[in-house]
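Chain residues, written in single-letter form:
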Amino acid sequence: MQFSEFQSILGNIAQGVGSGGSNLDLSEVLSIDVMAPILSNKDIQERLIQHLPESDILPKNENELRNTLTAPQFKKAMSSFSAALQ
């Protein structure tokens, strides 16, 4: 999956919600199963890794991106973001 395809998916989700569709929780939609093919793209990894916090003990790599996406704190933030979008 390319980044443009991901943008298209998010656009379709936004249209569905905006047109009276059911409420979608991004933390459920953007699961690690959905994100795995996206995270395997080296260009996208480089773009996302820039947003990881600076730390001497946390590596900035694909595994850390996966850990971040599966962290309860990230899921809670995504749920809050979903509610704000709706």
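Just above, that's the structure.
Below or above, wherever it landed, is the structure these notes cover. (Residues numbered from 1 in each chain as written. Predicted model: local features only at pLDDT ≥ 70, side-chain atom pairs only at ≥ 80, totals over all residues. Heavy atoms only, no water.)

### Quick notes on the environment of Ala77
As a reminder of what qualifies: Numbering of helices and strands runs from the N terminus, with a helix taken as a DSSP run of H or I at least four residues long and a strand as a DSSP run of E at least two residues long. Partly exposed describes any residue whose relative accessible area lies between the buried limit of under 20% and the exposed limit of over 50%, with all areas from a 1.4 Å probe on protein chains only and scaled to the type maximum.
Here Ala77 lies in helix H6 (residues 72–85). Given the relative accessible area of 43%, Ala77 is considered partly exposed.

### Side note on the pattern of salt bridges
Selection criterion: Any Lys or Arg side-chain nitrogen found within 4 Å of a carboxyl oxygen on Asp or Glu counts as a salt bridge.
The tally for this structure, following the rule as stated, stands at two salt bridges. Glu54 is the salt-bridge partner of Lys60, the closest N and O atoms lying 2.9 Å from each other. Under the relative-accessibility criterion, Glu54 is labelled exposed at 69%. The shortest N-O distance in the salt bridge between Arg66 and Glu62 comes to 2.7 Å. With Arg66 and Glu62 both in helix H5 (residues 62–70) and four residues apart, the pair spans about one turn of that helix. Look at Arg66 and you get partly exposed, because its relative accessible area is 23%. Under the relative-accessibility criterion, Glu62 is labelled partly exposed at 22%.

### Comments concerning helix H3 (residues 32–39)
Stated formally: Taking the helix axis as origin, the arc is that swept by the directions to the C-beta atoms.
Buried within H3 we find Met35, Ile38 and Leu39. Taken around the axis of H3, the buried residues stretch over an arc of 90°, which confines them to a single face.

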